[in-house]
2 protein chains.
Amino acid sequence: MSSRRPTISDVARTAGVSPSTASVVFSGKAAVAETTRQRVLDAAASLGYTGPDPRAASLRRGRSGIVGVVFEEHLGAAFRDPVKTLMMDGLADGVAPLGAGLLLLRDHSPGGTEPTLMTAPLDAAVLIGCSGMLRESLAVVTARGIPVVVIEGDAGEGIPRIALDNREAQRQAASHLRAHGHADVAVVALPVRAGWERGWIAHDEPIEIDVTRERLAGARDVFPHARIFSAAGSFIDEGLAAGRALFADPSARPTAVIAQSDLLAAGVIRAAEEAGLRVPDDVSVTGFDGVVVDGLAPYELTTLVQPAVDKGRAAGHAVAAMLGGDPAVSIRFTCDFREGNTTGPVTARAAEQPMSVPR
Amino acid sequence: MSSRRPTISDVARTAGVSPSTASVVFSGKAAVAETTRQRVLDAAASLGYTGPDPRAASLRRGRSGIVGVVFEEHLGAAFRDPVKTLMMDGLADGVAPLGAGLLLLRDHSPGGTEPTLMTAPLDAAVLIGCSGMLRESLAVVTARGIPVVVIEGDAGEGIPRIALDNREAQRQAASHLRAHGHADVAVVALPVRAGWERGWIAHDEPIEIDVTRERLAGARDVFPHARIFSAAGSFIDEGLAAGRALFADPSARPTAVIAQSDLLAAGVIRAAEEAGLRVPDDVSVTGFDGVVVDGLAPYELTTLVQPAVDKGRAAGHAVAAMLGGDPAVSIRFTCDFREGNTTGPVTARAAEQPMSVPR
DNA sequence: TTGTAAGCGTTATCAT
DNA sequence: ATGATAACGCTTACAA
């Protein structure tokens, strides 16, 4: 009907009050006489005014109520990872007090039209991992005074991080295996770098991804010579493929496998079953993350439970604090070792097999 | 150093040009002499200006470059569903030409501070499902002229929908089973309503969730008397539990199971194995969705492949079209029947078993 | 190719 | 409790 959408001024005029009064009616930031209030509301209703335009409000306020979440990967891939999903949950919680929503951002925008760290109206940003490409945009964002927090990654300089005791935690699992008498242990690792194809890796292979490197270091603290098969991602099928590689040669089977994620561990277990091995009697398997692996029952993984939700929540709190003017703080979370039924002592049958030769 | 962040006017002044020229340098919307351009860029660099403030730009332009995605559930739960994940992928694609990003929004805001359909600076909104609670906010949003599209749900009135031929598709799978001689078929259904606990349902049970009801109707078109076990969600473990219920009584085992999702089907298969039944020799199983079920190999589900990515993309296109002033269009997608290795003819051994009695 | 000018719709501040 | 005023920072006709 009307040529343009009504504004708060229109409402004010109709109600016979000033724009500031009308504004206050909608924001509730100050007391308004009930009769006035009602008059404004009626005017709004009659004009079809549905409340302040968030765009204008955010300009004036200097806040958009939006927190950007930046992923390194394709969005679809990111959400297949249960740990990331849990983190998102925590993050949503953590920024809730801020009244903020989460804007999904991809690291690299091929088309160029997508919103980026630089073009989106963000109040703050949370990076999940931090590859090289991102560093550049990061400089821009911090220059603009937008708080940034990095989860599982290093953005250098004074950017607060939400970290995990990956190495120490993984060492715990390894020690657990050693205490059970395991000596011939293999590692099924997360990817070595972006775009990695699955395969065995040499002992001096440079590992670009922080999480992979740290967890591997923990395993090597206990088993320096463990063979390492690096998967192409944290998926059950990748673990299955890795497990097949591990168990292919009956004369060189490890008695235990340290998987760097629960999904990989689940795949390894499946490969073991396929090879006629029983878990944990013939081979012990440890995971990492402590997520619920759909369909893994009746197994209960021996794993490191990481506080994924808390990590997300902490990131949310961190940006909230920074927005409030408080100094940025890095936090390091700790994993809990949880013994399930996928690890056990080396048995006669397992030990009977010829030891595999490292390398 | 400076008391406030530099604006484009500051840059213009420093460069000795007008604000509009500086603006154009950053937006690239018009030709600028190279020397002028460089002068502006230098000025920006010297002032530490990192580009136009997106908030101001969005007010002026009337576009924020943000599309809201509204979920009924907890974010974490939503992303555990591979179909939703795929849809998000398609959606991200679909809104890309718009240059828009996706803002995650939850249906229900317990705290009350969360951004909502009404308070977020959205150009458009996509609802995944549409529960009652949402209807109200919807009115507000549409009143404001913000385009809205609903995927898998009914928002009433003239709100465009992205739908699926659930009933017809499910009927195809059922017919396939009948053609193979199956007569004693059970259905493992998606939840009957929000908050549903798994269990058998009576034939007159009212089913509140559209998808569940439609797919069930398709199955009943062929097998009116099929017993129905409704799971609490689309998860492998739910399918496993359902399968156990189905196979518990050896004297009342169905020769085929119609699962309303691939994840449920995967669980049913696992339950079958657990019960010592071979798939498809002893029991045939069909799924729905056509997603890759991590860890299901070597089975390949007989299923209905739904174009999940396309659905998302279509939703993106739809809002893009609406933003362009074109009329809203509802789209109905079609599933493809795909025969895998989880269905087959009724065998002597399966038929040998006593038929189960419906009800 | 560059400049001028007029908002975009709201809210914070300060008076009254 | 209400109102007047002045930004918030930018973009885009239109004019030069």
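Because the structure is a prediction, the values reported are computed rather than measured.

Q: Sorry if this is basic, but what is going on with the overall build of chain A here?
A: What chain A contains, in helices and strands, is 13 helices and 13 strands. Structurally, chain A occupies a C-alpha span of about 90 × 40 × 40 Å along its principal axes. Scored against the burial criterion, the 359 residues of chain A give a buried share of 54%. If you take every contact in chain A between residues at least 6 apart in sequence, the share linking residues at least 24 apart comes to 73%. As presented, chain A carries roughly 14,900 Å² of accessible surface, and 53% of it is formed by carbon and sulfur atoms. Across chain A, 35 positive and 42 negative side-chain charges occur, with their mean positions spaced 6 Å apart.

Q: In this structure, what is going on with the packing of aromatic side chains? I would like to understand it.
A: Remark: the centre distance and the inter-plane angle together describe each pair of aromatic rings, the angle taken between the planes. Residue and element names in this part refer to chain A. Using the criterion set out here, one finds four aromatic pairs over all chains in the structure. When the ring of Phe26 is compared with that of Tyr49, the centres are 5.3 Å apart and the planes differ by 65°; the resulting orientation is edge-to-face. Here Phe26, found in helix α2 (residues 19-27), pairs with Tyr49, found in the loop between α3 (34-47) and α4 (54-61); they are 23 residues apart in sequence, far enough to count as distant. Classification of Phe26 by relative accessible area gives partly exposed; the value is 27%. On the basis of relative accessibility, which here comes to 11%, the residue Tyr49 falls in the buried class. For the pair Trp200 and Phe229, a centre-to-centre distance of 5.4 Å together with 85° between the ring planes defines the contact as edge-to-face. In this pair, Trp200 sits in strand β7 (residues 199-201) while Phe229 sits in strand β8 (residues 227-230), placing the two residues 29 residues apart along the sequence. The exposure class of Trp200 is partly exposed, given its relative accessible area of 39%.

Q: Sorry if this is basic, but what is going on with the interface of chain A and chain B here?
A: Interface size, as often reported, equals the accessible area lost upon joining of the parts. Taken residue by residue, the interface counts 53 residues in chain A and 50 residues in chain B. Buried area between chain A and chain B, both sides added, is near 4,400 Å², and the carbon and sulfur share of it is 57%. Looking at the side of chain A facing chain B, the largest losses of area belong to A:Arg55, A:Arg144 and A:Asp294, adding up to 16% of the total buried there. Our enumeration of links across chain A and chain B arrives at two salt bridges. Taking the shortest distance from any N to any O, the salt bridge between A:Arg55 and B:Asp123 comes out at 3.2 Å. Where chain A meets chain B, there are 11 residue pairs in polar contact (both at pLDDT 80 or more). Across three bridges, strand β2 (residues 101-106) of chain A lies against strand β2 (residues 101-106) of chain B in antiparallel orientation. Pairing of A:Leu104 across the sheet is with B:Leu102, part of β2(B).

Q: I tried to follow the UniProt feature "domain: HTH lacI-type" (unreviewed entry) in chain A on my own but got confused; where do I start?
A: Mapped onto the present numbering, the UniProt feature "domain: HTH lacI-type" (unreviewed entry) falls on residues 6-61 of chain A. End-to-end, the C-alpha atoms of residues 6-61 of chain A are 21 Å apart, and along that stretch the chain is 70% helix and 0% strand.

Q: I keep staring at the relation of the copies chain A and chain B and nothing clicks. Help me out?
A: Look at the two chain copies: a rotation about an axis and a shift along it is all it takes to match them. Under the fitted operation, chain A is carried onto chain B by 0.3 Å of movement along the axis and a turn of 179°, and the coordinates agree to an RMSD of 0.4 Å. Between the two chains, the operation in question is that of a two-fold axis. Of the C-alpha atoms belonging to chain A, the one lying closest to the rotation axis is found on A:Leu103, 2.1 Å away. Taken together, the interface assignments show that 91% of the residues at the interface of chain A recur at the interface of chain B, consistent with an identical surface on both copies.

Q: How should I be thinking about helix α6 (residues 82-95) of chain A in this particular structure?
A: All names here are of chain A. The first and last C-alpha atoms of α6 sit 20 Å apart over 14 residues, in line with the 20 Å expected at 1.5 Å per residue. The buried fraction of α6 is high, at 11 of 14 residues. All of the buried residues along α6 are Val83, Lys84, Thr85, Met87, Met88, Asp89, Gly90, Leu91, Ala92, Gly94 and Val95. Residue Asp81 occupies the N-cap position of α6, its side-chain oxygen lying 2.9 Å from the main-chain nitrogen of Val83.

Q: Where do I start with the pattern of salt bridges in this structure?
A: Close approach of charged atoms allows side chains with opposite charge to pair. By the definition in use, this model includes 39 salt bridges over all chains. The residue A:Glu208 makes a salt bridge to A:Arg193 at a minimum N-O spacing of 3.4 Å. You can see A:Glu208 sitting in the loop between β7 and α9 (210-222) and its partner A:Arg193 sitting in the loop between β6 (185-189) and β7, a full 15 residues away along the chain. You can call A:Arg193 partly exposed: its relative accessible area is 24%. Measuring nitrogen to oxygen at the nearest pair gives 2.8 Å for the salt bridge that ties B:Asp221 to B:Arg167. Placement of B:Asp221 in helix α9 (residues 210-222) and of B:Arg167 in helix α8 (residues 166-179) is noted, with a sequence separation of 54 residues between them.

Q: What exactly am I supposed to notice about the protein's contact with DNA strand D here?
A: As a matter of local geometry, DNA strand D sits amid 23 residues, with A:Ala33, A:Thr36, B:Ile8, B:Tyr49 and B:Arg60 nearest to it. What you see for DNA strand D is that sugar and phosphate hold 64% of its atoms within 4 Å of the protein. Separating a phosphate oxygen of DNA strand D from a backbone N or O atom of A:Ala33 is a distance of 2.6 Å. For DNA strand D, a phosphate oxygen lies 2.3 Å from a polar atom in the side chain of A:Thr36. Among the elements of the structure, α2 and α4 of chain A together with α2 (19-27) and α4 (54-61) of chain B are those that each provide at least two residues to the surface near DNA strand D. Tallying contributions element by element places α4(B) first for the surface near DNA strand D, with three residues. Counted by class, the surface near DNA strand D contains 10 nonpolar, nine polar and four charged residues.

Q: Can you help me understand the domain arrangement of chain A in this one?
A: According to the domain assignment, chain A contains domain 1 (8-52), domain 2 (62-163 + 307-334) and domain 3 (166-305 + 338-351). Placing a centre on the C-alpha atoms of domain 1 of chain A and another on those of domain 2 of chain A gives a separation of 37 Å.

Q: Whenever I open this one, the side chain of A:Ser230 confuses me. Can you help?
A: Residues and elements named next belong to chain A. Considering the arrangement of structural elements, one finds Ser230 in strand β8. For Ser230, a relative accessible area of 0% corresponds to the buried category. A polar atom in the side chain of Ser230 sits 2.9 Å from the backbone oxygen of Leu190. Filtering out sequence-adjacent residues up to four positions away, Ser230 remains in contact with Ala189, Leu190, Pro191, Val192, Trp196, Glu197, Arg198, Gly199 and Ile201.

Q: What exactly am I supposed to notice about the sheet that holds strand β3 (residues 124-128) of chain B here?
A: Across a sheet, paired strands are connected by hydrogen bonds in the backbone, their directions being either parallel or antiparallel. Taken together, the 12 strands give an open sheet; going across it, the order is β12(A)-β5(A)-β4(A)-β3(A)-β1(A)-β2(A)-β2(B)-β1(B)-β3(B)-β4(B)-β5(B)-β12(B), and neighbouring strands pair in mixed fashion. Looking along the sheet, the strands with just one partner apiece sit at the ends: β12 (331-333) of chain A together with β12 (331-333) of chain B. Neighbour to neighbour, the strand axes of the sheet diverge by 20° on average, direction disregarded. For strand β1 (residues 66-71) of chain A and strand β3 (residues 124-128) of chain A, the ladder comprises four bridges, and the chain directions are parallel. When the sheet's bridge partners are listed, A:Val67 is paired in β3(A) with A:Ala124.

Q: What is the right way to look at unusual backbone geometry in this model?
A: Backbone geometry follows two general trends: most residues other than glycine have a negative phi, and most peptide bonds adopt the trans configuration. All names here are of chain A. In this structure, Pro280 follows Val279 across a cis peptide bond, with omega equal to 5°. The topology assignment puts Pro280 in the loop between α11 (262-274) and β10 (284-286). A positive phi angle, close to 55°, is found at Glu152, a residue other than glycine. Structurally, Glu152 can be placed in the loop between β4 (148-151) and β5 (161-164).

About the thresholds
- Residues numbered from 1 in each chain as written.
- Chains lettered and ligands numbered in written order.
- Predicted model: local features only at pLDDT ≥ 70, side-chain atom pairs only at ≥ 80, totals over all residues.
- Heavy atoms only, no water.
- Helix = DSSP H or I, 4+ residues; strand = E, 2+ residues; numbered from the N terminus.
- Buried < 20%, exposed > 50% of the residue type's maximum accessible area, 1.4 Å probe, protein only.
- Contact = heavy atoms within 4.5 Å.
- Areas by Shrake-Rupley, 256 points an atom, 1.4 Å probe, with all protein chains shown as cover.
- Lys, Arg positive; Asp, Glu negative; His and termini not counted.
- Charge placed at Lys NZ, Arg CZ, Asp CG, Glu CD.
- Phe/Tyr/Trp six-rings, centres within 6.5 Å; stacked < 30°, edge-to-face > 60°.
- Buried area = accessible area lost by both parts, 1.4 Å probe.
- Salt bridge = Lys/Arg side-chain N within 4 Å of Asp/Glu carboxyl O.
- Polar contact = N/O pair within 3.5 Å; in protein donor to acceptor, adjacent residues only side chain to side chain.
- Pairing = 2+ DSSP bridges.
- UniProt positions renumbered as here; feature names shortened; annotations may be inferred.
- Least-squares fit on C-alpha atoms with pLDDT ≥ 70 in both.
- Expected span 1.5 Å × (residues − 1).
- Near = heavy atom within 4 Å.
- Nonpolar A, V, L, I, M, F, W, Y, C, P; charged D, E, K, R; others polar.
- Domains from an automatic or database assignment.
- Axes fitted to C-alpha atoms, helices over the stretch in contact; angles between N-to-C directions.

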